[in-house]
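The residues making up each chain are set out below.
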Amino acid sequence: MERKCIRCNIKIIDNALECPLCHGVLEVEGTHDEAGEDHDAALENGSKSVTYPDVTYELRTMRFIIRLAIFASIVAEVAVLIVNYVTFNGVYWSLIVGIGLLYGCITLVYSFRERKSLQRIIQVQMFLGLAAVVLLDEMLGFKGWSYQYAIPLILMGVDLTMAVFMIVGIDGWQNYIMTEIVTFALSILLIIFHFTKVVPTSFFAVISASVTGLILLGTIMLGQRMISNELKRRFKV
């Protein structure tokens, strides 16, 4: 049965108990005389009742993504703990990876609850994460692991996250194109560092550039007009 908010004059097609606009109690349409009277009055005043979409679907999808990310982080941490144990050379680098994964999960949960722009939050957290790993590497005597492993993995992780969001249809493909451009540009910068040997890098730099470049190319080719319009709007061309 459809539910209706007699204050906002909208119909709700999911199983929500309160109006998503005014948070008032919903009426079950057709079972309350007052709701019918208010509906007729609204029509007389020239206003039309609109149907509010099923908002629970996207919420369920996002909750599933969060649970999947947390599970993947746990699996990744167990894997690096095993590798760290087998190849132990006096450095507990797996703990650093664990802190990073924990930070990412907390950020994802916080971003979802705050209902802010996912792209903006991810961009801010990406730059904070990049700065944090470089600083941590410096504090530990600069072994180069931040440029060799951490930064490429962060860039690939951000781009793969964008790809997942596009697949499940969160906010539209065009909303993530700028983040993909930034991650690809940073990956190219790593490639330059790799060949000029400004800082120690590894083959992960090449992998990062390949992954971010392919995702960007795929977004442009599959997104077609909406991506083209977004690029024109962004770069004023």
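Data block above holds the structure.
Quick caveat: nothing in here was measured; it's all calculated off a predicted structure.

Conventions used here
- Residues numbered from 1 in each chain as written.
- Predicted model: local features only at pLDDT ≥ 70, side-chain atom pairs only at ≥ 80, totals over all residues.
- Heavy atoms only, no water.
- Helix = DSSP H or I, 4+ residues; strand = E, 2+ residues; numbered from the N terminus.
- Contact = heavy atoms within 4.5 Å.
- Expected span 1.5 Å × (residues − 1).
- Buried < 20%, exposed > 50% of the residue type's maximum accessible area, 1.4 Å probe, protein only.

Student: For this particular structure, what's the right way to read the side chain of Thr-179?
Tutor: Tracing the chain through its elements places Thr-179 in helix α6 (residues 177–196). Leave out the neighbours within four places in its chain, and Thr-179 touches Gln-119, Gln-123, Val-158, Asp-159 and Met-162.

Student: Can you walk me through unusual backbone geometry in this structure?
Tutor: Among all residues except glycine, the phi angle is most often negative; among peptide bonds, the trans geometry is most common. If you check the backbone angles, Phe-142 has positive phi at about 45 degrees while not being a glycine. Mapped onto the fold, Phe-142 is located in the loop between α4 (118–139) and α5 (145–167). Positive phi, close to 60 degrees, is recorded for Lys-197, a residue that is not glycine. Take Lys-197: it is sitting in the loop between α6 and α7 (204–223).

Student: Sorry if this is basic, but what is going on with α6 here?
Tutor: For an α-helix, 3.6 residues make a turn, and residues three or four places apart therefore share a direction. Compared with the 28 Å implied by 1.5 Å per residue over 20 residues, the 29 Å span of α6 between its first and last C-alpha is a close match. When we look at burial in α6, the residues that qualify are Ile-177, Met-178, Thr-179, Glu-180, Thr-183, Ser-187, Leu-190, Ile-191 and Phe-193. Lys-197 sits one or two residues past α6 and shows a positive phi near 60 degrees.

Functional significance is not addressed by these values, which are geometric in nature.
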